[in-house]
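Structural overview for review
Chain by chain, the residues:
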Amino acid sequence: MNWFSWVLLAGAVIAASAAVQAGNNLDVAVPAGAAAVLLVAVVGAARLRSTASRLIPAHSGMIREMAPTRDESDSLLRLRRAFRGGPIGRSSIVATIRSLERDLYPASRTALSLESERALLQLPPDQFRQWVDDRLLRIEALT
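Now for a look at the structure at hand. The structure displayed is predicted, hence computed values, not measured ones.

For the protein chain, the helix and strand inventory stands at seven helices and two strands. Residue burial in the protein chain is summarised as follows: out of 143 residues, 20% are buried. Look at the contacts in the protein chain between residues 6 or more apart in sequence, and 48% of them connect residues 24 or more apart.

Now the structure itself:
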């Protein structure tokens with residue numbers, strides 16, 4: 001909540017206090033109570049509007065849009081998540097390594113054949129990690 005919302009809520013508390021202090025004097029109690037309710041409603045509506053503006057439509061209704069996290073923006077953390085993803089994350093790992101290789105030596109822009117990529121994705125975990133290690137050592141040596 002911003003400072004203006006806090007000011008409005010403080011005004012609502014003051015108006016509610018005035019309504020309570022007015023007791024049986026309805027000429028003061030009713031407008032003060034109405035002002036308190038109105039101020040709280042304004043703060044609630046503003047809060048609801050700011051929350052609704054961060055929602056995105058989905059098939060099952062509205063969902064909260066996730067702010068990009070460090071995990072999504074940092075390539076090293078993305079790779080760590082891909083390794084934890086097991087066989088499913090391997091495609092991302094292979095693509096990242098191939099991208100690094102293409103950036104370092106553009107002359108060798110040969111694409112990895114579909115058969116080679118399938119073979120990589122089906123390697124046992126220790127052999128796949130060895131392939132990754134070999135490629136990273138080769139990349140490091142070229143830099």
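Structure's up, so let's keep going.
All chains considered together, the criterion is met by two salt bridges. The salt bridge partner of R98 is E101, with a shortest N-O separation of 3.0 Å. Placement of the pair is R98 and E101 together in helix 5 (residues 90-104), with a separation of three residues, close to one helical turn. For the pair R98 and E101, a shared accessibility class is recorded, and that class is buried. Residue R135 is joined to E101 by a salt bridge in which the shortest nitrogen-to-oxygen separation is 2.6 Å. One end of the pair, R135, is in helix 7 (residues 125-142); the other, E101, is in helix 5, and 34 residues separate them in sequence. In this structure R135 comes out as buried when scored by relative accessible area, which is 19%. By relative accessible area, E101 is classed as buried at 3%.

Let's shift gears to the environment of L9. Relative to the elements of secondary structure, L9 occurs in helix 1 (residues 3-22). C-alpha separation for the pair L9 and V37, spaced 28 residues apart in sequence, amounts to 10.0 Å. Setting aside anything within four residues of it in sequence, one finds L9 in contact with M1, V40 and V43.

Core analysis: the biggest nonpolar cluster contains ten residues, these being L79, A82, I93, V94, I97, L120, F128, W131, V132 and I139. Taken together, the elements giving at least two residues each to this core come down to helix 4 (75-84), helix 5 and helix 7. For this core, the leading source of residues is helix 7, giving four residues. When sequence neighbours within four positions are dropped, the list of residues in contact with A82 reads G89, S92 and I93.

All right, on to the packing of aromatic side chains then. Working definition: an aromatic ring pair is given by the centre-to-centre distance plus the angle between the planes. Applying the stated criterion to the full structure yields two aromatic pairs. A ring pair is formed by W3 and F4, whose centres lie 5.9 Å apart and whose planes are at 80°; its orientation type is edge-to-face. Given the relative accessible area of 65%, W3 is considered exposed. For the ring pair F128 and W131, a centre distance of 6.1 Å and an interplane angle of 25° mean the geometry is stacked. With F128 and W131 both in helix 7 and three residues apart, the pair spans about one turn of that helix. For W131, a relative accessible area of 14% puts it in the buried group.

What follows covers helix 1. Given a rise of 1.5 Å per residue, 20 residues ought to cover 28 Å, and the 29 Å separating the end C-alpha atoms of helix 1 matches this to within 8%. By the burial criterion, the buried members of helix 1 are S5, L8, A12, A15, A19 and A22. Relative to the axis of helix 1, the buried residues are bounded by an arc of 100° and lie together on one face. For helix 1, the exposed residues lying more than 90 degrees away from the buried face are W3, W6, V13, I14, V20 and Q21. Backbone geometry just after helix 1 places G23 at a positive phi near 60°.

Conventions adopted
- Counting restarts for each chain: residues are numbered from 1 in the order of the written sequence.
- Restriction of local features to residues with pLDDT of at least 70 applies here, the model being predicted, together with a cutoff of 80 or more for giving and counting side-chain atom pairs; totals for whole chains, interfaces and linings are based on all residues.
- Side-chain descriptors were evaluated using all non-hydrogen atoms of the structure, hydrogens and water having been removed beforehand.
- The secondary structure listing takes helices from DSSP runs of H or I that are at least 4 residues long and strands from runs of E that are at least 2 residues long, numbered from the N terminus.
- For every residue, the accessible area obtained with a 1.4 Å probe (protein chains only) is divided by the maximum for its type, and the residue is called buried under 20%, exposed over 50%, and partly exposed between those limits.
- The contact definition used throughout considers only heavy atoms, calling two residues in contact when any of these lie within 4.5 Å.
- One side-chain nitrogen of Lys or Arg within 4 Å of one carboxyl oxygen of Asp or Glu is enough to make a salt bridge.
- We call a set of buried Ala, Val, Leu, Ile, Met, Phe, Trp, Tyr and Cys residues a nonpolar core when their side-chain atoms join them within 4.5 Å.
- Working definition: rings of Phe, Tyr and Trp (its six-membered ring) pair if their centres are within 6.5 Å, and the pair is stacked with planes under 30 degrees apart, edge-to-face with planes over 60 apart, and tilted otherwise.
- A helix is expected to span 1.5 Å for every residue after the first.
- Note that the arc is defined by the directions from the helix axis to the C-beta atoms.

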